[in-house]
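Tertiary structure, described
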Amino acid sequence: MNKESLTITDNRTGVAYEVPLFKGNIRARDLKQIRRDPEDFGVMSYDPAFLNTASCQSKVTFIDGDQGILRYRGYPIEQLAERCTFLEVAYLLIFGELPDSEQLREWVNAITHHTMIPEYTKKGLEGFRHDAHPMGMLISTVAALSTVYPEAKNVIDPEVRRLQIIRLIAKMPTLAAYAYRHSLGYPYIYPDNDLNYAENFLNMMWKMVEPKYVANPVLARALDILFILHADHEQNCSTNTMRCIGSAQTDPYLSVAGAASALSGPLHGRANEEVLHMLDEIGSKDRIPAFVKGVKEGHGKLMGFGHRVYKNYDPRARIIKWTAEKVFEVTGRNPKLDIALELERIALEDEYFIQRKLYPNVDFYSGIIYQAMGFKPEMFTVLFAIPRTAGWLAQWEEMIRDPEQKIARPRQVYVGNGVREVVQTREKVTR
Ligand SMILES: CC(C)(COP(=O)(O)OP(=O)(O)OC[C@H]1O[C@@H](n2cnc3c(N)ncnc32)[C@H](O)[C@@H]1OP(=O)(O)O)[C@@H](O)C(=O)NCCC(=O)NCCS
């Protein structure tokens, strides 16, 4: 008997089945052979919310949740944050290796020259209310790009894919900044090719009447580091959405719009915005114990705490704390930091949080930095979506190339009524 296998005995029939292990896992399809009788559909695995189901093989990102490890393509997140730029990391995620000097020059040049969005797409923003949430505007305008680049639907062609990847990474900051400027009623600022990725985003966000925008280098680098930390996180809710929509061979603009929609939920990318609202609600350090007591009694969650995968400190939160210090040297200390630090201290000593292995996640401190840099809470999820686009696209590219992947289509366990007859007892309504 193959040692790399499981023996499963069906106690209904007494039949034993040998199921091979594949990299330590079983293939759910192998369960199908386990049947009560020839008419039986066969056993499926039932796993709501994918708590213990791998949907793909991936070489992009490695997470060890128990040890608090995060690596992109094998490189520890700490080293990437310290030694690389976001565009180098985006290249790494998509192509699998860090670029050499020539590849980097070409890549940066390509991204820099695709940052503009068409004027008619820009004008489309005028259709939004003045107080529209920027995430809704971002999602809609990235979807609108699907109509601008109809060739993008040819997802089987690697060259077509490559061009859309460049366009998407280049244009997301422009769309994000335009959404913000719309909410302020300010004119939109065109991209500036002299600036790097983060600086150019800050330029499109903040430039007023000065002839040339000059970004503070500490803040621009801090933003670049935050972009690196948010670039990918393996099969999270929005990435799963990207792969799922992409599996229908939908074009990448529409797939990214879907992924960004998933990101906008408060349990996922909008948690950073919710953290700020929570800190506002707490207001002062002396009110923390009462707030924590309320959470333990089931009144809401401690936003920015807990993670499906990390059951140890989120390594990104550690780097963010360090980045916060650098930012506050320029902007002055955000008073919310003291409330957050005290909240973390109290929570980490509390049996409720210890037992459930609830630690601060990436969103706990990122909002405090963003706010100190001048971003409004509504922009926080948008700031997450910009770099995560690189991760979504890396995972999408991997999915398209994977011969094992097909259109994503889970099964269900039907628990509704058996067949029944329609009996006409109501009077007809003709209208
Ligand atoms: C991230 C998150 C969705 C993960 O959810 P999950 O893996 O499904 O974990 P569960 O909801 O099963 O949580 C396990 C237990 O911890 C509790 N819990 C989880 N996160 C909590 C939080 N932030 N505050 C208080 N309690 C929390 C749950 O109520 C549950 O308790 P129970 O066993 O007594 O019922 C969840 O931790 C959460 O909602 N966090 C706040 C939102 C957030 O910060 N999201 C950003 C993630 S990067």
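Notes on the structure in this doc start here. Since the structure is predicted, the reported quantities are computational estimates derived from the model, not experimental observations.

1. Digging into the packing of aromatic side chains
Throughout the structure, instances matching the rule amount to 19 aromatic pairs. Where Phe-95 meets Trp-107, the ring centres are 5.6 Å apart and the plane angle is 85 degrees; that geometry is what we call edge-to-face. Within this pair, whereas Phe-95 is found in helix H2 (residues 86–95), its partner Trp-107 is found in helix H3 (residues 101–112), the two being separated by 12 residues in sequence. Overall, Trp-107 belongs to the buried group, its relative accessible area being 2%. By way of ring pairs, the aromatic residues Phe-86, Tyr-180, Tyr-197, Phe-201, Trp-206, Phe-227, Tyr-370, Phe-375 and Phe-380 are connected into one cluster. It is Arg-27 that lies over the ring of Phe-22; its NZ or CZ is 4.2 Å from the centre. Positioned above the aromatic ring of Phe-41 is the side chain of Lys-32, whose terminal nitrogen or guanidinium carbon lies 4.0 Å from the ring centre.

2. Regarding the sheet that holds strand S5 (residues 75–76)
Across the sheet, three strands lie side by side as S3-S4-S5; this open sheet has antiparallel pairing. Looking at which strands have only one partner, the edges of the open sheet turn out to be strand S3 (61–64) and S5. In the sheet, S3 pairs with strand S4 (residues 69–72) via four bridges, with the strands oriented antiparallel. In the strand pairing of S4, Asp-64 is matched with Ile-69.

3. Some thoughts on the site of the ligand
Near the ligand lie 17 residues; those nearest to it are Lys-301, Leu-302, Gly-304, Phe-305 and Arg-308. In the environment of the ligand, a nitrogen atom lies 2.7 Å from a nitrogen or oxygen atom belonging to the backbone of Leu-302. Here an oxygen atom of the ligand sits 2.9 Å away from a polar atom, N or O, in the side chain of Arg-356. Surface burial for the ligand is 70%, taken as the share of its 870 Å² of free accessible area covered by protein chains. For the shell around the ligand, the class distribution of residues is eight nonpolar, five polar and four charged.

4. Some details on the side chain of Arg-167
Structurally, the position occupied by Arg-167 is in helix H6 (residues 158–184). On the accessibility criterion, Arg-167 (11% relative accessible area) is buried. Side-chain polar atoms of Arg-167 contact the side chain of Glu-151, separated by 3.0 Å. Not counting the four nearest positions on each side in its chain, Arg-167 is found in contact with His-114, Tyr-149, Glu-151 and Tyr-253.

5. A word on the side chain of Asp-314
Tracing the backbone shows Asp-314 in the loop between helix H12 (288–296) and helix H13 (315–331). Looking at Asp-314, its side chain comes within polar contact range of the main-chain nitrogen of Val-362, at 2.9 Å. Setting aside chain neighbours within four positions, we find Asp-314 in contact with Pro-360, Asn-361 and Val-362.

6. Notes on the pattern of salt bridges
A full pass over the atoms with the stated rule returns 21 salt bridges. Among the ionic pairs, Glu-274 bridges to Arg-270, the shortest N-O distance being 3.1 Å. Residue classification places Arg-270 among the partly exposed residues on the basis of a relative accessible area of 26%. With its nearest N and O atoms 2.9 Å apart, the salt bridge here joins Arg-345 to Glu-342. With a gap of three residues between them, Arg-345 and Glu-342 both fall in helix H14 (residues 336–348), about one helical turn apart.

Conventions used here
- Residues numbered from 1 in each chain as written.
- Predicted model: local features only at pLDDT ≥ 70, side-chain atom pairs only at ≥ 80, totals over all residues.
- Heavy atoms only, no water.
- Phe/Tyr/Trp six-rings, centres within 6.5 Å; stacked < 30°, edge-to-face > 60°.
- Helix = DSSP H or I, 4+ residues; strand = E, 2+ residues; numbered from the N terminus.
- Buried < 20%, exposed > 50% of the residue type's maximum accessible area, 1.4 Å probe, protein only.
- Lys NZ or Arg CZ within 6 Å of the ring centre and 35° of its normal.
- Pairing = 2+ DSSP bridges.
- Near = heavy atom within 4 Å.
- Polar contact = N/O pair within 3.5 Å; in protein donor to acceptor, adjacent residues only side chain to side chain.
- Areas by Shrake-Rupley, 256 points an atom, 1.4 Å probe, with all protein chains shown as cover.
- Nonpolar A, V, L, I, M, F, W, Y, C, P; charged D, E, K, R; others polar.
- Contact = heavy atoms within 4.5 Å.
- Salt bridge = Lys/Arg side-chain N within 4 Å of Asp/Glu carboxyl O.

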